Amino acid sequence: MAYASRILLNQSKKLKDVSTLLRRGRAASIRYFSSNNRAPLNRDDAFSARLGFSPVERMAKCSTDIVPVSISFATTRTTLSSTMGRPRLGNDFSCSTKSLRGFSSASDLPAHQEIGMPSLSPTMTEGNIARWLKKEGDKVAPGEVLCEVETDKATVEMECMEEGYLAKIVKAEGSKEIQVGEVIAITVEDEEDIGKFKDYSPSSTADATPPKEEPAPPPPKEEKVEQASPPPEPKTSKPSPPPTGDRVFASPLARKLAEDNNVPLSSIKGTGPEGRIVKADIEDYLASGGKEATAKHSKATDSKVPALDYVDIPHSHIRKVTASRLAFSKQTIPHYYLTVDACVDKLMGLRSQLNSFQETSGGKRISVNDLVVKAAALALRKVPQCNSSWTDDYIRQFKNVNINVAVQTENGLYVPVVKDADKKGLSTIGEEVRSLAQKAKENSLKPEDYEGGTFTVSNLGGPFGIKQFCAVVNPPQAAILAVGSAEKRVVPGNGPDEINFASYMPVTLSCDHRVVDGAIGAEWLKALKGYIENPESMLL
């Protein structure tokens, strides 16, 4: 029993020493990491520190100093640095935060606002300045029109967003191909600051800021150039002597170039693969002695061909967009075409009655195109599959029937939209079509006048007398109706020897086969023909 008590007493003393040893070891480690003594703490020193040296001995082992920490502040860079030692991971560390400020690099310029080219339509990437309505020095207020911008679809008025003074017009009237976001004007708050922007150039300020961050990129660029330069050497060293025999090997481009310049291939030594004559060989020959002989020949041939007289007409924005969209349509949309002839005798009779009522009431006359737009809108409501558009994940079927009407102008083709045409009367449709057509000819359409269409009608019959044609689908729509001119035809009557005359108008539906199947397109044309041949049903 006494032996057991002695063992328990010894164990309890050891447990008391454990906390002391841990505390001493932790203190030694803290003193080491707070010291700038670079000698590593070896296993014996650590073990001795844990066993318990006197305070003086511990101080001799690990001298303590205050850690020097330097903090420096700058306008564009804040740096924190420390010389605290860290075993095996390095002797110092640093962290930095950069802050950039978007003010002008010219210190003498007062506070100002740069007005950029706005994005005035979903597809707009660049625009033209058609006309400035404010001059330099004029006071501007929110809502006032600064200038007219020619977008990819129309000419739109650009309004000012803040009050101030127009200090500088960066892009003059008539400037073309201005990228969205590019600075076109400068405004200031105080009238006294206008004169300070007389020689202001946004390009100079834009060029002054990037060089601060450019020192790092040049090395990789030089490496790329060094890596790209060796490949041409093997190409020049590969050519072998030309093959023996009468046949001369040359690339198609070299043969064409030789024929155009009357150069005999037999007199040229090829430097291409296996002695083949390439374009560079012909060019070298022309640049050397053979140039004089070919020049005489070219002059003789040129003297026989009279020079063409021509005029280069620059592309308008609307023509560029029309070209790109129609090319995209024909390349990506699988078109197919359905044509039907509709008798328009009853339609013309109803139009005459309605126009007589309009003249009596002082209203505008109703055109055949107005009746076709109304009939197409009702047919779309009856066959909604044609009032849809294609996406990669689904077919979107629209509940609104918005009809685009093609209008030809001097600047190009515009397609303003008559919204909710199925719910509007013939007189309302006629007034809107005339108003939108006039805006299109004046190049004053706004985005809401041509966006949001779900179907398009193009009529070349009435204005131009085109009998029948096939239109190109206007993406993202799924169909477009092409209307030809009406003509009288001889049709058989009820009796064996009876004949009648009737006016028929051909209409052609161009469909996107991904959205509208052939039977659906035929069903829609059947509904359209029913409304045209029985126009009274459109009034129900």
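No experiment lies behind these values; they were computed from the predicted model shown.

A. Main features of the overall build of the protein. The helix and strand tally for the protein stands at 16 helices and 22 strands. Considering the protein as a whole, with its 540 residues, one finds that 34% of them fall into the buried category. Partitioning the contacts of the protein with sequence separation of at least 6, the portion at a separation of at least 24 is 62%. As displayed, the protein has an accessible area near 34300 Å², and 54% of this comes from carbon and sulfur atoms.

B. Region of interest: the sheet that holds strand E9 (residues 164-169). A sheet is described by the order of its strands in space; here four strands give the open sequence E4-E11-E9-E6, paired in antiparallel fashion. For this open sheet the edge positions go to strand E4 (112-116) and strand E6 (139-140), each flanked by a neighbour on one side alone. One ladder, built from five bridges, connects E4 with strand E11 (residues 183-188); its direction is antiparallel. Looking at the pairing, His112 lines up with Val188 of E11.

C. Representation of the nonpolar core within the structure. Of all hydrophobic cores here, the largest spans 56 residues; its most connected members are Ile403, Phe455, Leu481, Trp524 and Leu528. Among the elements that take part in this core, helix H12 (residues 368-382) stands out by supplying nine residues, more than any other. Aside from chain neighbours lying at most four places away, what touches Phe455 is Ala376, Leu380, Cys386, Asn402, Ile403, Asn404, Gln477, Ala479, Ile480, Leu481, Leu509 and Trp524. In terms of nonpolar packing, the next biggest core, distinct from the first, is built from 16 residues, Met124, Leu146, Val149 and Ile178 among them.

D. Geometry of H12. Compared with the 21 Å implied by 1.5 Å per residue over 15 residues, the 21 Å span of H12 between its first and last C-alpha is a close match. Buried within H12 we find Asn369, Asp370, Leu371, Val372, Val373, Lys374, Ala375, Ala376, Ala377, Leu378, Ala379 and Leu380.

E. The environment of Ser485, seen in detail. Checked against the element boundaries, Ser485 lands in the loop between strand E20 (479-483) and strand E21 (487-492). Accessibility expressed as a relative area gives 16% for Ser485, which makes it buried. When the C-alpha positions of Ser485 and Gly462 are compared, they lie 5.6 Å apart, and in sequence the two are 23 residues distant. Not counting chain neighbours up to four residues away, the residues in contact with Ser485 comprise Gly461, Gly465, Ile466, Lys467, Tyr504, Met505 and Pro506.

F. Spotlight on helix H13 (residues 426-441). In a regular helix each residue adds 1.5 Å, so 16 residues correspond to 22 Å; H13 covers 23 Å between its end C-alpha atoms and thus fits that length. Within the span of H13, buried status applies to Leu426, Ile429, Gly430, Val433, Leu436, Ala437 and Ala440. Burial along H13 is one-sided: seen end-on, the buried residues are contained in an arc of 140°. Phi turns positive one or two residues past the end of H13, at Asn443, with a value near 60°.

G. Representation of the packing of aromatic side chains. Across all of its chains, the model carries two aromatic pairs by this definition. Relative to Trp524, the ring of Phe455 lies with its centre 5.2 Å away and its plane at 40°, an arrangement referred to as tilted. One end of the pair, Phe455, is in strand E19 (residues 455-459); the other, Trp524, is in helix H16 (residues 518-533), with 69 residues separating them in the sequence.

H. Fine view of the sheet that holds strand E8 (residues 155-159). Taking strand neighbours across the sheet as the criterion, the four strands line up as E8-E7-E5-E10 in an open arrangement whose pairing is antiparallel. Edge strands, defined here as strands with exactly one partner in the open sheet, are E8 and strand E10 (178-179). Pairing analysis gives five bridges linking strand E7 (residues 145-150) to E8, with the strands arranged antiparallel. Counted as the bridge partner of Val145 is Glu159 from E8.

I. Quick look at unusual backbone geometry. Looking along the chain, the bond that leaves Pro475 and enters Pro476 is cis, with omega of 10°. Of note, Pro476 is situated in the loop between helix H15 (461-464) and E20. Positive phi, normally seen in glycine, also occurs at Glu177, with a value near 55°. Residue placement: Glu177 occurs in the loop between E9 and E10.

J. Spatial organisation of the confidence of the model for the protein. Counting all residues, the mean pLDDT for the protein is 76, and 69% of those residues have values of 70 or more. Considering only residues more than four positions removed or in separate chains, one finds that residues 26-106, a stretch of pLDDT under 50, has 67 contacts.

K. Fine view of the pattern of salt bridges. Going through the model one piece at a time under the given rule, you end up with 18 salt bridges. For Arg489, the salt bridge goes to Glu487, with nearest N and O atoms at 3.5 Å. Looking at Arg489, the relative accessible area reads 25%, which means it is partly exposed. Linked through salt bridges whose partners overlap, the residues forming this network are Asp341, Lys467, Glu487 and Arg489.

L. Expanded view of the pairing of E19. Across the five residues of E19, five count as buried, placing the element largely inside the fold. Burial along E19 is two-sided: Phe455, Val457 and Asn459 facing one way and Thr456 and Ser458 facing the other are all buried. Sheet topology places E19 next to E20; four bridges connect them, and they run parallel. Pairing of Asn459 across the sheet is with Val483, part of E20.

M. Looking closely at the environment of Leu265. Here Leu265 lies in the loop between helix H7 (252-261) and helix H8 (279-287). In this structure, the C-alpha to C-alpha distance between Leu265 and Ile282, residues 17 residues apart in sequence, is 8.5 Å. Apart from the residues lying within four places of it in its own chain, the contact partners of Leu265 are Val248, Ala250, Arg255, Ala258, Ile277 and Ile282.

N. Up close: the pairing of strand E5 (residues 126-132). Counting buried residues along E5, five of its seven residues qualify, which places the element largely inside the surrounding structure. When E5 meets E10, the two strands line up antiparallel, connected through two bridges. The residue of E10 that forms the bridge with Gly127 is Ile178. Taken together, the four bridges between E5 and E7 define a ladder with antiparallel strand orientation. By the bridge assignment for E7, Ile129 is matched with Val149.

Conventions used here
Residues numbered from 1 in each chain as written. Predicted model: local features only at pLDDT ≥ 70, side-chain atom pairs only at ≥ 80, totals over all residues. Heavy atoms only, no water. Helix = DSSP H or I, 4+ residues; strand = E, 2+ residues; numbered from the N terminus. Buried < 20%, exposed > 50% of the residue type's maximum accessible area, 1.4 Å probe, protein only. Contact = heavy atoms within 4.5 Å. Areas by Shrake-Rupley, 256 points an atom, 1.4 Å probe, with all protein chains shown as cover. Pairing = 2+ DSSP bridges. Core = buried A, V, L, I, M, F, W, Y, C linked by side-chain atoms within 4.5 Å. Expected span 1.5 Å × (residues − 1). Arc of directions from axis to C-beta. Phe/Tyr/Trp six-rings, centres within 6.5 Å; stacked < 30°, edge-to-face > 60°. pLDDT = per-residue confidence, 0-100. Salt bridge = Lys/Arg side-chain N within 4 Å of Asp/Glu carboxyl O.

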